[in-house]
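Next come the chains, spelled out residue by residue.
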Amino acid sequence: MREKIIAGNWKMNLSLKEGEKLVEEIKPLDGSKTYIFPPALYLSKLNDKLKGKNVSVGCQNAHFESQGAFTGEISMEQLKSANIDTVLIGHSERRNIFNETDEMLKKKVDAALKNDLEIFFCCGEPLDIRESREHLDYIKNQLEVALKDVTESDFDKIVIAYEPVWAIGTGKTASPEQAEEVHAFIRAFVTDKWSKETAENLSILYGGSCKPSNAKGLFTKPNIDGGLIGGASLNSADFNAIIEAI
Ligand code: PGA
């Protein structure tokens, strides 16, 4: 179902104590959904702490294999067994720093769906691709490969986040018009490949230097259903202000 969503991606930030304090201060808003993606080590503790509060907890990454000799990794099965129901797949830092390819991300999408996990799937172009005006084709290819075997009903479990790489952590936000162009393109792509109903029910989030000062301008665009927030999700004043802007 298409919903208004604000999600905080903490990346490798905050101590456990700082994270516990932050979740106490988050004020979810009726009529929208709030998520946090803390470091994996804190998932269970924060999930327990948030019981009864309208904030969902997801993992920033997981492996596609279900078990075995993969030192340092966590499987989708293990997340599910620990009552974590949501996973972020394809963040540009995973793609660029940890060399995750579209083909690997496809395996992760399939493994997550097999385990009935909700997926926040990230896509987005680097600066040179935007400057050469090939961003729409680039994003289409990212989605085509990773979502190749996804069915219409699987979309109940999928949220897409458009995160232009040049806007992540740089302070440089996509303008509402630039973001809207891509969001509308993604929705049209889903219409073509699956169905209009699937596309209309899909939540598409914007991510990349989203902050209280620019959130409202982005969220008023018709195809922008919320935000995936990095830096500004690390303090409750900014994160709550963004939640309020939805
Ligand atoms: P940022 O990160 O808000 O710090 O730019 C967004 C993200 O990487 O999800």
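Below you will find a few notes about this structure. (Residues numbered from 1 in each chain as written. Predicted model: local features only at pLDDT ≥ 70, side-chain atom pairs only at ≥ 80, totals over all residues. Heavy atoms only, no water.)

1. Considering the pattern of salt bridges
Moving on, step 1. Counted according to the given criterion, the structure contains 20 salt bridges.
Moving on, step 2. Among the salt bridges present, the one from Lys221 reaches Glu177, with a minimum N-O distance of 3.5 Å. Of this pair, Lys221 sits in the loop between helix 10 (212-219) and strand 8 (226-229) while Glu177 sits in helix 8 (residues 176-193); the two residues are 44 residues apart in sequence, bridging distant segments of the chain.
Moving on, step 3. The partly exposed category is assigned to Lys221, whose relative accessible area is 23%.
Moving on, step 4. In this structure, Lys196 and Glu200 form a salt bridge, with 3.1 Å as the shortest nitrogen-oxygen distance. Taken together, the positions of Lys196 and Glu200, both in helix 9 (residues 196-200) and 4 residues apart, correspond to about one turn of that helix.
Moving on, step 5. Residue classification places Lys196 among the exposed positions, given a relative accessible area of 53%. (Salt bridge = Lys/Arg side-chain N within 4 Å of Asp/Glu carboxyl O. Helix = DSSP H or I, 4+ residues; strand = E, 2+ residues; numbered from the N terminus. Buried < 20%, exposed > 50% of the residue type's maximum accessible area, 1.4 Å probe, protein only.)

2. Digging into the sheet that holds strand 6 (residues 158-162)
Moving on, step 1. Read around the barrel, 8 strands follow the order 1-2-3-4-5-6-7-8 and close on themselves; strand pairing throughout is parallel. Strand-to-strand twist across the sheet, computed as the mean angle between neighbouring axes with direction ignored, equals 25 degrees. (Pairing = 2+ DSSP bridges. Axes fitted to C-alpha atoms, helices over the stretch in contact; angles between N-to-C directions.)

3. Some details on the packing of aromatic side chains
Moving on, step 1. Evaluation of the coordinates by the stated rule reveals 6 aromatic pairs.
Moving on, step 2. Measuring from ring centre to ring centre gives 6.4 Å for Tyr35 and Phe37, while their planes differ by 15 degrees; the resulting arrangement is stacked. As far as burial versus exposure is concerned, Tyr35 and Phe37 are alike and both buried.
Moving on, step 3. Of note, Arg94 hangs over the ring of Phe98, and the distance from its end group to the ring centre comes to 4.1 Å.
Moving on, step 4. Looking at Lys193, its charged tip hangs above the ring of Trp194, at a distance of 5.2 Å from the centre. (Phe/Tyr/Trp six-rings, centres within 6.5 Å; stacked < 30°, edge-to-face > 60°. Lys NZ or Arg CZ within 6 Å of the ring centre and 35° of its normal.)

4. Considering the packing of helix 10 against helix 11 (residues 236-245)
Axis angle and axis distance: for two packed helices, these are the angle between their axes and the distance between the axes, and together they describe the pair.
Moving on, step 1. The contact between helix 10 and helix 11 brings their axes to 9 Å, and the two run at 20 degrees. Classified by the angle their axes make, helix 10 and helix 11 are roughly parallel. Where helix 10 crosses over helix 11, the two elements pack in a sense that is right-handed. Together, Pro212, Ala215, Lys216 and Phe219 of helix 10 and Asp238, Ala241, Ile242, Glu244 and Ala245 of helix 11 make up the contact between the two elements.
Moving on, step 2. Partitioned by chemical class, the residues of the contact of helix 10 with helix 11 number 6 nonpolar, no polar and 3 charged. (Parallel < 35°, antiparallel > 145°, perpendicular 65-115°, else oblique. Left-handed = near helix turned anticlockwise from the far one by under 90°. Contact = heavy atoms within 4.5 Å. Nonpolar A, V, L, I, M, F, W, Y, C, P; charged D, E, K, R; others polar.)

Geometric values such as these leave the question of function open.
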